[in-house]
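What the coordinates show
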Amino acid sequence: MFFNNVRSNTFVQFFTGNSKYLPKVVRRFNRTFYKSALCTGKINVQNDDKYVVLNCDDSKSLKYPIVWLRDNCQCKECFHGGSMSRIIDWSKFNVNVKIDNISFNDTAAELTIKWNDNHSSVHSFDWLRERSFDYANRREYLDTFYRPKKTLWNKDGYNQVLDKYKFIDLMYDNEALRSWLQSLSKNGVSIIENTPHSEQECRKLCDRVAFIRKTHYGEEFTVQAKPNTSNVAYLSTPLQLHTDLPYYGYKPGVILLHCLTQSQSSGGSNLLSDGFLAAERMKLDWEKYYEILTTTLVDWCDIGEENGEKFYSLHRAPIISLDHDGNVDGINYSVPQRDSRFSISIDKVDEWYKAKAKFVELIHEEAVTFKTKPGDIR
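Anyway, here's the lowdown on the structure attached to this text. Per chain, the residues get numbers from 1 upward, laid out in the order the sequence is written. With the structure being a predicted model, the display of local features is reserved for residues of pLDDT at least 70 and the display and counting of side-chain atom pairs for 80 or more, all residues being used for whole-chain, interface and lining totals. Water and hydrogen atoms play no part in the side-chain values, which are based on all heavy atoms of the structure.

Some words on the overall build of the chain
Per the convention used, a helix needs a DSSP run of H or I reaching at least four residues, while a strand needs a run of E reaching at least two, with both numbered from the N terminus. Along the chain, the regular secondary structure elements total 11 helices and 20 strands. Working definition: with a 1.4 Å probe on protein chains only, accessible area under 20% of the residue-type maximum means buried, over 50% means exposed, and in between means partly exposed. Taking all 378 residues of the chain together, the buried fraction comes to 45%. Looking at the chain alone, contacts between residues at least 24 apart form 70% of all its contacts between residues at least 6 apart. A 1.4 Å probe and the Shrake-Rupley method give the accessible areas. Residues count as covered only by the protein chains that appear here. By element, 49% of the accessible surface of the chain is carried by carbon and sulfur atoms, the whole surface being about 20,300 Å². Any two residues whose heavy atoms approach within 4.5 Å at even a single point are treated as in contact.

Here's the deal with the sheet that holds strand β10 (residues 120-124)
Strand pairing is defined by DSSP finding a minimum of two bridges between the two strands. The sheet built from 3 strands is open, its strands ordered β8-β9-β10 with antiparallel pairing. The open sheet has two free edges, formed respectively by β8 (99-105) and β10, since each of these has just one partner strand. Within this sheet the neighbouring strands show an average axis-to-axis angle of 15°, counted without direction. Relative to strand β9 (residues 110-115), β8 is paired through 6 bridges, and the arrangement is antiparallel. Bridge pairing in β9 places F104 opposite L111. Note on definitions: angles span 0 to 180 degrees between N-to-C directions of axes, and those axes are lines fitted to C-alpha atoms, for helices only across the stretch in contact.

Points about a nonpolar patch on the surface
Taken together, V67, W90 and V95 make up a surface patch of nonpolar side chains, about 270 Å² in accessible area. The exposure class assigned to W90 is partly exposed, which follows from its relative accessible area of 44%. Residues enter a patch when their relative accessible area is above 30% and they make no salt bridge; the linking distance is 9 Å between like charges and 5 Å between nonpolar side chains (Val, Leu, Ile, Met, Phe, Trp, Tyr). Here, a salt bridge means any Lys or Arg side-chain nitrogen found within 4 Å of an Asp or Glu carboxyl oxygen.

With respect to the packing of aromatic side chains
Pairs were defined over the aromatic rings of Phe, Tyr and Trp, the Trp ring being its six-membered one, requiring ring centres within 6.5 Å. Orientation was assigned from the angle between planes: stacked under 30 degrees, edge-to-face over 60, tilted for the rest. Considering all chains together, one arrives at 15 aromatic pairs under this definition. For the pair W68 and F133, a centre-to-centre distance of 5.3 Å together with 85° between the ring planes defines the contact as edge-to-face. Here F133 lies in the loop between α3 (125-130) and α4 (135-146) and W68 lies in helix α2 (residues 66-71), a separation of 65 residues in the sequence. Classification of W68 as buried rests on a relative accessible area of 19%. Judged by its relative accessible area of 35%, F133 is partly exposed. Pairing Y217 with F311 gives two aromatic rings, centres 5.3 Å apart and planes at 65°, and the pair type is edge-to-face. Separated by 94 residues along the polypeptide, Y217 in the loop between α8 (201-209) and β13 (220-223) and F311 in strand β17 (residues 309-317) bring together distant segments of the chain. Side by side, Y217 and F311 carry an identical accessibility label, which is buried.

Points about the pairing of strand β4 (residues 51-56)
For strand β3 (residues 43-47) and β4, the ladder comprises 5 bridges, and the chain directions are antiparallel. Of the residues in β4, the one forming a bridge with Q46 is V53. Counted along the chain from β3 to the antiparallel partner β4, the turn is 3 residues long. Both β4 and strand β5 (residues 61-65) contribute to a ladder of 5 bridges, which runs antiparallel. The residue bridging Y51 from the neighbouring strand is P65, located in β5.

Points about the sheet that holds β3
Here 3 strands make up an open sheet; going across it, the order is β3-β4-β5 and the pairing antiparallel. Edge positions in the sheet fall to β3 and β5, since each has one partner strand and no second. The average angle at which neighbouring strand axes cross in this sheet is 15°, direction not considered.

Structural data, given as structure tokens:
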């Protein structure tokens, strides 16, 4: 997402997505997850040298690699329940392990395996079902629990995805907090209203969720016009559409901007656009440019001084970052923070500029403009 920061003493906070609230979300999720893998009736077990198959009376089956079952033994010798961590000694692990005996107890709903290394494992059916290698189950896990699928929005659909919350609800209502976290993960934007007029409120909300991630600007800072500044965010001129901190490889997961004072002039507006939507449009309609922007490493930098501390941060990343599955997982774009050094072959420069120009055109086409009011966090 792209943010154009408001020019009116806006308080900025960074925090990560490693939530203290997450265990509650996980428990709620596990009760409803993998419905497509439900298996009813008596279960018959088959195995060969590589796989174990659980066949159900209703013709459904679940298939597991033998080596994976041994690696994931849940006994106290192999797994530490308190930390939910595998402790099996892999320096002695045999990847060619074999099964001596296998059985399924329908009453206890458990699979018992006796291995040829004189070890025994017991796996509950619910545990196995949640970890099914079935494609639908793997896809559901990746698209919901691991990383919820993003909702792409344009300027016409912005108001439909913009969820609003009350600050006091997020601080004291776990269901409201869960809803906000899920909405933020899917939509990338939200508004928190009626926040007390104090520079400590964002910190309180961050502490409710996780920890504040520190940058060379500190854990928090105020965006306001400053004389002799070394950062364009502190100028009184408008900021262009941008993403923050492209010069960091380890970026904050969320940015909170608390409006303390709003300008009564025509200025002080926010400009916001969905970078993931622009990337998707590039992928569908300008495939060559999309490939260029996903593969060309750009030099990003930030040089300056904050609170008497000098810094020079450098990072190389493409404008459109992809994960290992080829899905867009981040956008890096900031005109001021793009270095004049460009470490690519000279014959590729012109095409990169053309691709970038198309991307900039797309993010501006769908940008929305609005003004926050004092007490808003977005």
